[in-house]
Structure formats: C-alpha cells, structure tokens
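# Architecture and fold: a report
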Amino acid sequence: QVQVVESGGGLVQPGGSLRLSCAASGSIFRLSTMYWYRQAPGKLRELVAAVSSSGNTNYADSVKGRFTISRDNAKNTVYLQMMSLKIEDTGVYYCNVGGYAQAEYWGQGTQVTVSS
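Residues numbered from 1 in each chain as written. Predicted model: local features only at pLDDT ≥ 70, side-chain atom pairs only at ≥ 80, totals over all residues. Heavy atoms only, no water.

### Here we look at unusual backbone geometry
The test is simple: Each helix is a run of DSSP H or I of at least 4 residues and each strand a run of E of at least 2, with the numbering of both proceeding from the N terminus.
One non-glycine residue, Asn 76, adopts positive backbone phi at about 50 degrees. One non-glycine residue with positive phi stands out, namely Ser 84, at about 50 degrees. Its place among the elements puts Ser 84 in the loop between β8 (77–82) and β9 (91–97).

Here it is as structure tokens:
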C-alpha cells in the first residue's frame, strides 16, 4: 500500500514563496511520474506540474516561470518550489503518484493561501 503525505503549505503574502514537499512510501515512487494538482474553492482540481522518473518536467501555463518541481529518489520525495505567488494560486495542493486515480495514490492535501 502506498502512503502519500504532503507538507509545507501555509499563509503567504502575494509575491512570496513556499516550498511544498510530498513523501511517498514504496518502491513505486522511483518508477513513477509524480504530479502536483491544486483545487481552488468552487473549482475543479487542476494539474500544476509533473516530473517523470527520469526528471523531465511539465507545468501548467499559469505557473510556468514561477514554480519548479523536483524529486529526490533517495528520499522518495517530490518538491514544488513556488515563487512570486499570486492570490489565484490559493487552494489545496495535492500530490499524486503515477497518475493513478485510486485514493491511496493521493495525499491528503496541503492548504496554500496567498493573501495580503
């Protein structure tokens, strides 16, 4: 069974930075593309960034140039460095392992609030 735990969310002013972490148990981590999603109040969950097992990355247009996704396979951890945060970045950020829909491949989410 996979366990996925996010951390690092919080309250930050516009223009500020945060780094989210996602620790995932199991050998599946090293073989899997890892994803960060977010869900704002009243909106659908959207893909923010992804990093493949070989380190290739993809980003939503709305975060390109501001967010950086990375992974440390030795620690079974993926990170999301968020800079120049905007109010519209507010939401619950979720980590997903491998693109699987089952609940066990998702973390519980971490709240990011960008507000002055």
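### Re the pairing of strand β3 (residues 18–24)
In summary, the side chains of a regular strand alternate between the two faces of the sheet. Applicable threshold: The cut-offs for exposure are 20% and 50% of the maximum accessible area for each residue type, with area from a 1.4 Å probe on protein chains only; residues under the lower value are buried, those over the upper are exposed, and the others partly exposed. Paired strands are those between which DSSP finds at least two bridges.
With 5 of 7 residues buried, β3 lies mostly within the body of the structure. Bridging between strand β1 (residues 4–7) and β3 involves 4 bridges; their strand directions are antiparallel. Looking across to β3, one finds that Val 5 is bridged to Ala 23. Pairing of β3 with β8 involves 6 bridges; the strand directions are antiparallel.

### Observations regarding the nonpolar core
To keep it simple, the criterion reads: Residue types Ala, Val, Leu, Ile, Met, Phe, Trp, Tyr and Cys, when buried and joined through side-chain atoms within 4.5 Å, form a set referred to as a nonpolar core.
Formed by 27 residues in total, the largest nonpolar core has its most connected members in Trp 36, Leu 80, Met 82 and Tyr 93. Elements that contribute at least two residues to this core include exactly β3, β4 (34–39), β5 (46–51), β7 (67–72), β8, β9 and β10 (110–114).

### Overview of the state of the cysteines
Test applied: In plain terms, two cysteine sulfur atoms within 2.5 Å form what is called a disulfide here.
Under the criterion given, the structure shown has 1 disulfide. Put simply, Cys 22 and Cys 95 are joined by a disulfide, and their sulfur atoms are 2.1 Å apart. Residues Cys 22 and Cys 95 are joined through a disulfide that is left-handed, its torsion about the S-S bond being -80 degrees. Remark: Cys 95 occurs in strand β9 and Cys 22 occurs in strand β3; sequence separation between them is 73 residues. Each member of the pair, Cys 22 together with Cys 95, is buried.

### Concerning the sheet that holds β1
Using the following cut-off: Geometry is summarised by axes, namely lines fitted to C-alpha atoms with helices restricted to the contacting stretch, and by angles between N-to-C directions that run from 0 to 180 degrees.
The 4 strands are arranged β1-β3-β8-β7 in an open sheet whose pairing can be described as antiparallel. Taken across any chain shown, the strands that pair with only one partner, and hence form the sheet edges, are β1 and β7. Taken over all neighbouring pairs, the strand axes of this sheet differ in orientation by 15 degrees on average, direction set aside.

### Notes on the environment of Val 4
What counts is decided by this rule: Any two residues having at least one pair of non-hydrogen atoms within 4.5 Å are treated as being in contact.
By the element assignment, Val 4 lies in strand β1. Separated by 72 residues in sequence, Val 4 and Asn 76 have C-alpha atoms that sit 10.0 Å apart. Apart from residues lying up to four places away in sequence, Val 4 is in contact with Cys 22, Ala 23, Ala 24, Cys 95, Val 97, Glu 104, Tyr 105, Trp 106, Gly 107 and Gln 108.

### Considering the pattern of salt bridges
Just so we agree on the cut-off: Definition used for salt bridges: Asp or Glu carboxyl oxygen within 4 Å of a side-chain nitrogen of Lys or Arg.
Evaluated as defined, the whole model comprises 4 salt bridges. For the salt bridge of Arg 38 with Asp 89, the shortest nitrogen-to-oxygen distance reads 2.8 Å. One end of the pair, Arg 38, is in strand β4; the other, Asp 89, is in the loop between β8 and β9, with 51 residues separating them in the sequence. We note a salt bridge from Arg 66 to Asp 89, for which the minimum N-O separation is 2.8 Å. Taken together, the positions of Arg 66 in the loop between β6 (57–59) and β7 and Asp 89 in the loop between β8 and β9 put the pair 23 residues apart, joining distant regions of the chain. Through salt bridges with shared partners, one network takes in Arg 38, Glu 46, Arg 66 and Asp 89.

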